[in-house]
Amino acid sequence: MADFRNIPKDTEPDGYWHSSQLHRLIQEEPWKAYMPPFRIGPNIWSVSGNMDNGSFLIDTGDGLILADVPYFNTLYLQIESIRMAGYDPHDIKHIWITHPHGDHYGGARPLAEYTGAKIWMSRSGEEWWRERQRAGKVMALEKEFDFEIDEHFEDHNPFEMGNMKFRFTFHPGHCAGSVAVFFEDTDRETGKTYKIGMHGGIGVCSTERVLGAGCPLWHYYRYISDSLEMSEMDD
């Protein structure tokens, strides 16, 4: 398991480590960035296998859904995390890419081929991702594997699987095609139900980064308005 104290803290104010240092660790010595799985809901586990990105395994009662597959370099750690949480990766039926940044789909193709799972992305996210591919805009940390998108979130809203019903909201701003997921998770032992919201790409990028990535400026403001709208949801 990674020891946060051993990450250099000399490039950020107030003792915070810089993300580029963590990315270098993931690229060169990914095992040192390992994060063990932990439960965040009755049937939801954090299983990214690294301390940089989130990836969530959802047990629907009729197969598994995995939200995001961060890095190719850390995929073996993610598979280990899924097994440590008590699940078989081959039970994953759907891989959800909540937004098309490479640190959220880096391991999608090899995991899909290993499990037979279908890969999901929003239609607008796929269009933006394909444009970036054609332009050769790939993050240095990414090992780029081309793959086909099997399903679009827009075509399955809501989506039901097992004993869960998922609703999707689209919120460009962090990047084009970001998807937030809302559903209820019921504890099968106590019967208590929790309302769950997963934000598929947190944080408003600066206007400079939004425009530099080729996104229209309205994405920036749309993200803020959508976040306010979601904060007022009660169902």
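I will try to describe carefully the structure that is included in this document. (Residues numbered from 1 in each chain as written. Predicted model: local features only at pLDDT ≥ 70, side-chain atom pairs only at ≥ 80, totals over all residues. Heavy atoms only, no water.)

Secondary structure assignment for the protein chain yields 7 helices and 11 strands. Each of the 235 residues in the protein chain was classed as buried or not, and the buried ones make up 49%. (Helix = DSSP H or I, 4+ residues; strand = E, 2+ residues; numbered from the N terminus. Buried < 20%, exposed > 50% of the residue type's maximum accessible area, 1.4 Å probe, protein only.)

With 12 residues, helix 5 (residues 123-134) extends 17 Å between its outermost C-alpha atoms, agreeing within 8% with the 16 Å of an ideal straight helix rising 1.5 Å per residue. Gly125, Glu126, Trp128, Trp129, Arg130 and Arg132 are the residues of helix 5 that are buried. The positive-phi residue at the C-terminal boundary of helix 5 is Gly136, with phi of around 75°. (Expected span 1.5 Å × (residues − 1).)

So, about the sheet that holds strand 11 (residues 193-198). Taken in spatial order, the 4 strands make up an open sheet running 8-9-10-11, and their pairing is antiparallel. For this open sheet the edge positions go to strand 8 (159-161) and strand 11, each flanked by a neighbour on one side alone. Adjacent strand axes in the sheet meet at a mean angle of 20° when their direction is disregarded. By the bridge criterion, 3 bridges tie strand 8 to strand 9 (residues 164-170) in an arrangement that is antiparallel. Bridge assignment links Phe159 to a residue of strand 9, and that residue is Phe166. (Pairing = 2+ DSSP bridges. Axes fitted to C-alpha atoms, helices over the stretch in contact; angles between N-to-C directions.)

A word on the packing of aromatic side chains. Two aromatic rings are characterised by how far apart their centres lie and by the angle between their planes. If you walk through the whole model with that rule in mind, you get 14 aromatic pairs. Ring centres of Trp96 and Phe168 lie 5.4 Å apart, and the angle between their planes is 85°; on these two criteria the pair is classed as edge-to-face. Of the two residues, Trp96 sits in strand 5 (residues 92-96) while Phe168 sits in strand 9, which places them 72 residues apart along the sequence. Each member of the aromatic cluster is reached from another via a ring pair, and the members are Trp96, Trp120, Phe153, Phe159, Phe166, Phe168 and Phe183. (Phe/Tyr/Trp six-rings, centres within 6.5 Å; stacked < 30°, edge-to-face > 60°.)

Here we come to the side chain of Asn50. Structurally, the position occupied by Asn50 is in the loop between strand 2 (44-46) and strand 3 (56-59). Within polar-contact distance, the side chain of Asn50 engages the backbone nitrogen of Asn53 at 3.0 Å. When neighbours within four sequence positions are excluded, Asn50 is seen to be in contact with Ile26, Ala33, Tyr34, Met35, Pro70, Tyr71 and Thr74. (Polar contact = N/O pair within 3.5 Å; in protein donor to acceptor, adjacent residues only side chain to side chain. Contact = heavy atoms within 4.5 Å.)

Residues of helix 2 (residues 75-84) that are buried include every one of Leu75, Leu77, Gln78, Ile79, Ser81 and Ile82, and no others. Among the structural elements, strand 3, strand 4 (64-67), strand 5 and helix 4 (108-115) are those in contact with the buried residues of helix 2. Downstream of helix 2 by one or two residues, Gly86 has phi in the positive range, about 100°.

Looking now at unusual backbone geometry. Omega for the peptide link from Asn157 to Pro158 comes to 10°, which places this bond in the cis form. One non-glycine residue, Asp68, lies in the positive phi region at around 80°. Mapped onto the secondary structure, Asp68 falls in the loop between strand 4 and helix 2.

Honestly, that's just the spatial picture; any functional story needs more than this.
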